[in-house]
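Structural features, examined
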Amino acid sequence: MLEVWFGVALGLLVASNVALWLKLDRCYVDLHRIIENGSDKIEQTIDLDGIKDEIHDTIQDFMAGLHVPTAGDHLLGSVGQLLQMWGMKKFGGMAQVAQQIVNPDQHEEI
């Protein structure tokens, strides 16, 4: 079963590398076209005040969305922590079982 997962991972890796290669090849062609048309200069002024205003607006929107945690937030955090402790008690030994499956030469008591 492990071989199947490795095969799937290798297939995804190859597919992503091919997609990346095709994208980079397209960028290479576009870059050379831009370099060849270098005589066509595009003048563009940078508006620093516009950039500053955009950053300011983004920070304002982010800060407006922040709020003081409510009792419900604290309650859900406590419930999540209790569930995490329960899960660690119930499934904490699974790491040792997984190690024994991977390394059958080492026999430790759980």
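Note that this is a predicted model, so its numbers are computed, not measured. (Residues numbered from 1 in each chain as written. Predicted model: local features only at pLDDT ≥ 70, side-chain atom pairs only at ≥ 80, totals over all residues. Heavy atoms only, no water.)

Attention shifts here to the packing of aromatic side chains. One pass over the structure, following the stated rule, counts one aromatic pair. Plain terms: the ring middles of Trp 86 and Phe 91 are 6.2 Å apart, the flat faces sit at 85 degrees to each other, and that makes the pair edge-to-face. We classify Phe 91 as partly exposed; its relative accessible area is 47%. (Phe/Tyr/Trp six-rings, centres within 6.5 Å; stacked < 30°, edge-to-face > 60°. Buried < 20%, exposed > 50% of the residue type's maximum accessible area, 1.4 Å probe, protein only.)

In this structure, Gly 50 sits in helix 2 (residues 48–65). Judged by its relative accessible area of 30%, Gly 50 falls in the partly exposed class. (Helix = DSSP H or I, 4+ residues; strand = E, 2+ residues; numbered from the N terminus.)

The terminal C-alpha atoms of helix 3 (residues 71–91) lie 30 Å apart, and with 21 residues this matches the ideal 30 Å at 1.5 Å per residue to within 8%. Counted residue by residue, helix 3 has one buried out of 21 residues, so it is predominantly exposed. (Expected span 1.5 Å × (residues − 1).)

Scored by pLDDT, the protein chain comes out at a mean of 84, with 91% of its residues at no less than 70. Of all the helices and strands in the protein chain, helix 4 (residues 94–102) carries the lowest mean pLDDT, 79, while helix 3 carries the highest, 91. (pLDDT = per-residue confidence, 0-100.)

There is a patch of nonpolar side chains on the surface, built from Ile 46, Leu 48, Ile 51, Ile 55, Ile 59, Phe 62, Met 63 and Leu 66 and spanning about 870 Å² of accessible area. Residue position: Ile 55 is located in helix 2. Ile 55 gets classed as partly exposed once you look at its relative accessible area, which sits at 49%. (Patch = residues over 30% accessible without salt bridge, like charges linked within 9 Å, V, L, I, M, F, W, Y side chains within 5 Å. Areas by Shrake-Rupley, 256 points an atom, 1.4 Å probe, with all protein chains shown as cover. Salt bridge = Lys/Arg side-chain N within 4 Å of Asp/Glu carboxyl O.)

A separate point is a negative patch on the surface. A cluster of like negative charges, contributed by Asp 47, Asp 49, Asp 53, Glu 54, Asp 57 and Asp 61, occupies part of the molecular surface. Looking at the secondary structure, you find Asp 57 in helix 2. What makes Asp 57 partly exposed here is its relative accessible area of 43%. (Lys, Arg positive; Asp, Glu negative; His and termini not counted. Charge placed at Lys NZ, Arg CZ, Asp CG, Glu CD.)

Bringing the pattern of salt bridges into the picture now. What the rule picks out here adds up to two salt bridges. For Asp 30, the salt bridge is made with Arg 26, and the minimal N-O distance between the two is 3.6 Å. Taken together, the positions of Asp 30 and Arg 26, both in helix 1 (residues 2–36) and four residues apart, correspond to about one turn of that helix. By relative accessible area, which is 47% here, Arg 26 ends up partly exposed. A salt bridge links Asp 30 to Arg 33; its shortest N-O distance comes to 3.2 Å. Of this pair, Asp 30 and Arg 33 both sit in helix 1, three residues apart, roughly one helical turn. Arg 33 sits in the partly exposed class, given a relative accessible area of 43%. One connected set of salt bridges, linked through shared partners, spans Arg 26, Asp 30 and Arg 33.

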